[in-house]
Amino acid sequence: MSADRDRPGGPPPASDASPEDRPPRPERVDGAVERRGARRRRPRAALVAIVLVGVAFATMFQNWSDNQSSHYDLIRALDAGRTTIDYGPYPTKDKAFYKGLWYSARAPGLAIYSLPFYEVLNGVGGPALARKSQALRGEDEMIDFVGLWGSVLPGLLLLLLVCRVAERFEPGYGAAAAVVVGLGTMVLPFSTLLFSHVFAAMLGFAAFAIMVRERAGPPRPLLLGAAGLLMGYAVASEYPLAFVALVLGGYLLSRPRALTARLVARRAGAYVAGGIVGIVPLLLYNHAAFHSWTHLAYSNIPQQQKGFFGISAPSLTVLATLLFDSRGLLTLSPVLALGGIGTVLLYRRGRRAEALVIAAVCICYLGYNSGYYLPFGGGSMGPRFLVTVLPFLGFPIALALRRLPGPTLALAGASIAVAVTATIPHPLVGYETETVVWGRLLEHGEFQPTIASAFGAGRGWGAIWPFLLAAATALVLVARTTPRLRMSARSLGAGLLALAAWCAFATLAPTLLGIDHRGLLSIMGAGDHTALNLALHKGSRYPLRTLAPIAAFAGLLALAVMGLVRNEPTPPPEQREARAGSSGSGPQPALSA
C-alpha cells in the first residue's frame, strides 16, 4: 500500500496530471459496481436455470408401465391399510406371488415416501381431475400426479446437489454440470416416470454431499448420522444402494487425522446408527407383509432365485453392451466420458478420496449390473440400474468443462439432443434395435403428452412446447451464467474430433461389432424369445443412423454458440508478460489438474 493511502485525515493529494489525462474515475467505479452486481446475480440465474429443468420434468405426462404401476399399486394398497396388490388398478407384471397373494416386486421406500402426497391428492379431488384429463386419453393420470412428488421433486433436488458439490471443486461451473446431467443423461426420462431410480440416487448422493461437507470442517458425528439416515432409506427404496453405503463407509474412514479409536467409533457409530434408523421402514414393511423382518418380495420372483437375487458373475460381454450398444450408457450420453476425465482431474488436484469414491461406485454398479440376468431392466432408454452413478460421474463434468471446453461442450450438446429426443416421444424402448423409433417419431411429430395435452393440444408439436421452452430457457440461462471459457483452436479441434468419432461410433459400431446382437441375446436369455425379430419390434440394424447426425449437429451448435458468445480470447504473449510482471509473482501456471 502506498504512503499516500496510509496518510490519516483526508484524501491523498491530487495528481499533477491534467484533467484530460486523468482516468474517468466515476465510470470505472460504476463499471466495477456493475460487474459486482452481475456476479451477485449469477447464482440466482443459475438457480433459476436448474429449477427450469425441474419444470421441464413436470410438463411431461408419460404413459404408464409395469414398473410405474407396481409402485402406484403399492401406494394405493398402503393407503387402504394393505400390503397386497391383488386389487390394483393396473395389471402390472412387476409383482411377486407369496402364500396365495400378490405383492409389489418393488422396494417400498418410494411408496412410503409418496403416500402422504397421494392422500393429499385424494383430499383435493385429484383422482376425478385425472380421469377427466385429455392428456392420456382416458387413462388414470394419478400416476403422473404422484410422480410430481416421487420423481420430479427428487430429480430437481438431485440437480441442486450436483450443482452444490460441483461448486465446491470448480466454482462457477456447478450449474452447467447440473443442467447437463438433468437434460443429457437418463436422469431426464426417469425424472418424468414413477420409477425409484432418481429418488434413490438423490438420497445416496445427498449422503455423499453431507459427508463432503463434514470432511471440510471439524468432525461432526451428527452430520454423519444424517448421511447414514439417508443411505438407510436409500437402501429401503432400492436395494443396490447398499453398494454406495459401503463405499461411503470407506470414505468416512479415510479422513486424515481422524483415525484415533475414539473418533472412529464416534463417526462410524453415528453413520451406522443413522443407517439402521433409515432402514427401519423396510423392516416394518417386510414384517407386515411377510411376517418376517428380512424377507424380500424379490426372492419370490423365479428369475431372482438364480445366483444372488438374479446376479451371477460379472461378464465383460454384458459390460460392453451396457456401455456401448445402441442403448449403452456412453453411446447415448457421451458427455459422461468427460465426467471420467473430470474424475482424473479431481484426483490430480489432490482430492483423491472423492475421486476414488466415484471410481468405486462406478465399478460396483458396472460389476453387479453386468452379472444381472436382465442388464437393462426391460423397457428403458438405457441401462436404468446405472442411474445411481450419474450424479457421481456428473459433477466432475464441471472440471472437464473448464479444462477441456471444446470436447465437453460438443459431447454435452450431443448428449442433450439424444436424451431429449428419447424422452419426449417414447423413452421406454425394450430392445436395442427399437431405438430407431426415436428418430421416426421425431420426424412425424408424435410425442408423449404434456401439460398442454391436458387442455386439448394433442400430442404433436403444438403440445410439446412447454417442455422445449423450459429446457431451452434453462440452457440459455446456464450459458449466460457460466464463466467465459478459454476455447483455443486446439480445444475447438478436439471438440470437433470427439464429436465426429462419437457420431461414427454410435451410427455404425453397435451393429458392425455385434454389440447390439449380444444385448439382444441377453434379453432372450431372460425369457423374451422375440428379441431378435426386427419386424415385430419395428427395429433396424443401424438404429441410431438418424438420431446420431441430429445429435452431432446439436453438438456443433453448442460449440459455435459458446465459441462466439462465451469465449474468452487468449491474450497475446506481450499482454500475458505484462500481467505477470505487474503481479510481481512471475508467470502464472496453467490450469492445474
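Residues numbered from 1 in each chain as written. Predicted model: local features only at pLDDT ≥ 70, side-chain atom pairs only at ≥ 80, totals over all residues. Heavy atoms only, no water.

Glancing now at the overall build of the protein chain. Helix and strand counts for the protein chain come out as 25 helices and two strands. Expressed as a percentage of its 593 residues, the buried residues of the protein chain come to 54%. (Helix = DSSP H or I, 4+ residues; strand = E, 2+ residues; numbered from the N terminus. Buried < 20%, exposed > 50% of the residue type's maximum accessible area, 1.4 Å probe, protein only.)

Here strand β1 (residues 95-98) shows a clear split, with Ala96 and Tyr98 buried on one side and none of Lys95 and Phe97 buried on the other. Inspection of the sheet shows β1 paired to strand β2 (residues 101-104) by four bridges, in the antiparallel sense. Counterpart to Tyr98 in the pairing with β2 is Leu101. Between β1 and β2, which pair antiparallel one after the other, the connecting turn spans two residues, and Lys99 there sits at a positive phi close to 55 degrees. (Pairing = 2+ DSSP bridges.)

The next subject is the nonpolar core. Soluble globular proteins tend to bury their nonpolar side chains together. Judged by nonpolar contacts, the single largest core of 166 residues is most densely connected at Phe205, Phe208, Met231, Leu248, Phe395 and Trp502. Not counting residues up to four positions away in its chain, the partners in contact with Leu248 are Gly204, Ala207, Phe208, Met211, Met231, Tyr271 and Val357. (Core = buried A, V, L, I, M, F, W, Y, C linked by side-chain atoms within 4.5 Å. Contact = heavy atoms within 4.5 Å.)

So, on to the packing of helix α13 (residues 316-324) against helix α23 (residues 515-525). For the pair α13 and α23, the least separation of the axes is 9 Å and the interaxial angle reads 110 degrees. What the angle tells us is that α13 and α23 run roughly perpendicular. Here the hand of the crossing between α13 and α23 comes out left-handed. Within the contact between the two elements, α13 uses Thr317, Val318, Ala320, Thr321 and Phe324 and α23 uses Ile515, Arg518, Gly519 and Ser522. (Axes fitted to C-alpha atoms, helices over the stretch in contact; angles between N-to-C directions. Parallel < 35°, antiparallel > 145°, perpendicular 65-115°, else oblique. Left-handed = near helix turned anticlockwise from the far one by under 90°.)

Below, the discussion takes up the state of the cysteines. The final tally for this structure, using the stated rule, is zero disulfides. Residue Cys362 stays outside any disulfide, its sulfur separated by 9.5 Å from that of Cys364, the closest cysteine. With relative accessibility at 26%, the residue Cys364 sits in the partly exposed group. (Disulfide = S-S within 2.5 Å.)

With that settled, consider the side chain of Ser191. Residue position: Ser191 is located in the loop between α8 (187-190) and α9 (197-215). A polar contact of 2.7 Å, which involves the side chain of Ser191, links it to the backbone oxygen of Val187. Each residue touching Ser191, except ones within four places of it in the same chain, is listed here: Phe57, Ser151, Val152, Gly155 and Val198. (Polar contact = N/O pair within 3.5 Å; in protein donor to acceptor, adjacent residues only side chain to side chain.)

This part is about helix α6 (residues 142-169). Every α-helix carries 3.6 residues per turn, so stepping three or four residues along brings you back to the same face. Compared with the 40 Å implied by 1.5 Å per residue over 28 residues, the 40 Å span of α6 between its first and last C-alpha is a close match. In α6, a bend of some 45 degrees at Leu148 exceeds every other bend along the element. Most of α6 is tucked away: 20 of the 28 residues are buried. (Expected span 1.5 Å × (residues − 1). Bend = angle between axes of the 7 residues up to and from the residue.)

Before going further, it helps to spend a moment on helix α3 (residues 66-79). The terminal C-alpha atoms of α3 lie 20 Å apart, and with 14 residues this matches the ideal 20 Å at 1.5 Å per residue to within 8%. Judged by how many residues are buried, α3 sits mostly within the fold: eleven of 14 residues are covered. Listed as buried for α3 are Asn67, Gln68, Ser69, Ser70, His71, Tyr72, Asp73, Leu74, Ile75, Ala77 and Leu78. On the buried face of α3, the contacting elements are β2, α4 (109-123), α6 and α12 (261-290). With its phi angle positive at about 80 degrees, Gly81 sits one or two positions after the end of α3.

By the element assignment, Asp516 lies in helix α23. The side chain of Asp516 is buried and forms no salt bridge, while Arg327, the nearest opposite charge, is found at 7.6 Å. For Asp516, the contacting residues outside a window of four places in its chain are Asp325, Ser326, Glu432, Pro510, Thr511 and Pro543. (Lys, Arg positive; Asp, Glu negative; His and termini not counted. Salt bridge = Lys/Arg side-chain N within 4 Å of Asp/Glu carboxyl O.)

Together, Leu492, Leu496, Phe553, Leu556, Leu557, Val561, Leu564 and Val565 make up a nonpolar patch on the protein surface, roughly 770 Å² of accessible area in all. Those elements that place two or more of their residues in the nonpolar patch are α22 (489-512) and α24 (547-565). Here the nonpolar patch takes six residues from α24, the largest share from any one element. Position of Val565 among the secondary structure elements: in helix α24. Relative accessible area serves as the criterion here: at 49%, Val565 is assigned to the partly exposed category. (Patch = residues over 30% accessible without salt bridge, like charges linked within 9 Å, V, L, I, M, F, W, Y side chains within 5 Å. Areas by Shrake-Rupley, 256 points an atom, 1.4 Å probe, with all protein chains shown as cover.)

Before going further, it helps to spend a moment on empty space enclosed by the protein. Counting across every chain of the model gives three cavities of 30 Å³ or more. There is about 80 Å³ of room inside the largest cavity. Forming the walls of the largest cavity are 15 residues, and the residues nearest its centre are Met60, Asp144, Gly147, Leu148 and Thr192. In terms of residue count, α6 provides more of the lining of the largest cavity than any other element does, six residues in total. Here the lining of the largest cavity is built from residues that sort into nine nonpolar, five polar and one charged. Estimated volume of the second largest cavity: approximately 40 Å³. In terms of lining, the second largest cavity is formed by Met186, Arg327, Gly328, Leu329, Leu332, Ser333, Met381, Gly382 and Pro383. Its residues assigned to classes, the lining of the second largest cavity shows five nonpolar, three polar and one charged. (1 Å grid on protein atoms, 1.4 Å probe; cavity = no way out; pocket = protein on both sides within 12 Å on 5 of 7 lines; lining within 4 Å. Points joined across faces, edges and corners; volume = space filled by probe spheres on them. Nonpolar A, V, L, I, M, F, W, Y, C, P; charged D, E, K, R; others polar.)

Turning to the packing of aromatic side chains, a few remarks are in order. Applying the stated rule across the entire model yields 27 aromatic pairs. An aromatic cluster is present here, built from Phe169, Phe205, Phe208, Tyr251, Phe392 and Phe395 joined pairwise through their rings. The residue whose ring lies beneath Lys95 is Trp102, and the NZ or CZ to ring-centre distance is 4.6 Å. (Phe/Tyr/Trp six-rings, centres within 6.5 Å; stacked < 30°, edge-to-face > 60°. Lys NZ or Arg CZ within 6 Å of the ring centre and 35° of its normal.)

Time to look at the confidence of the model for the protein chain. For the protein chain, per-residue confidence averages 87 on the pLDDT scale, and 87% of positions sit at 70 or higher. Taken element by element, the protein chain is modelled with least confidence in helix α1 (residues 3-6), mean pLDDT 42, and with most confidence in helix α17 (residues 389-394), mean pLDDT 98. Long-range and interchain partners of residues 24-35, a stretch whose pLDDT sits below 50, account for two contacts in this model, where long-range means more than four residues apart. Taken as a whole, residues 583-593 scores under 50 in pLDDT and shows 13 contacts with residues more than four places along the chain or in a different chain. (pLDDT = per-residue confidence, 0-100.)

Attention now goes to the environment of Leu252. Summarising the element assignment, Leu252 is placed in helix α11 (residues 241-253). Looking at Leu252, the relative accessible area reads 3%, which means it is buried. Discounting residues that sit within four places of it in the chain, Leu252 has contacts with Met211, Leu224, Arg267, Ala268 and Tyr271.

With a phi close to 55 degrees, Lys99 is a non-glycine residue in the positive phi region. Topologically, Lys99 is positioned in the loop between β1 and β2. Exposure remark for Lys99: the relative accessible area of 70% places this residue in the exposed category. Unlike most non-glycine residues, His291 shows phi in positive territory, near 55 degrees. Summarising the element assignment, His291 is placed in the loop between α12 and α13. Among the residues examined, His291 registers a relative accessible area of 68% and is labelled exposed.

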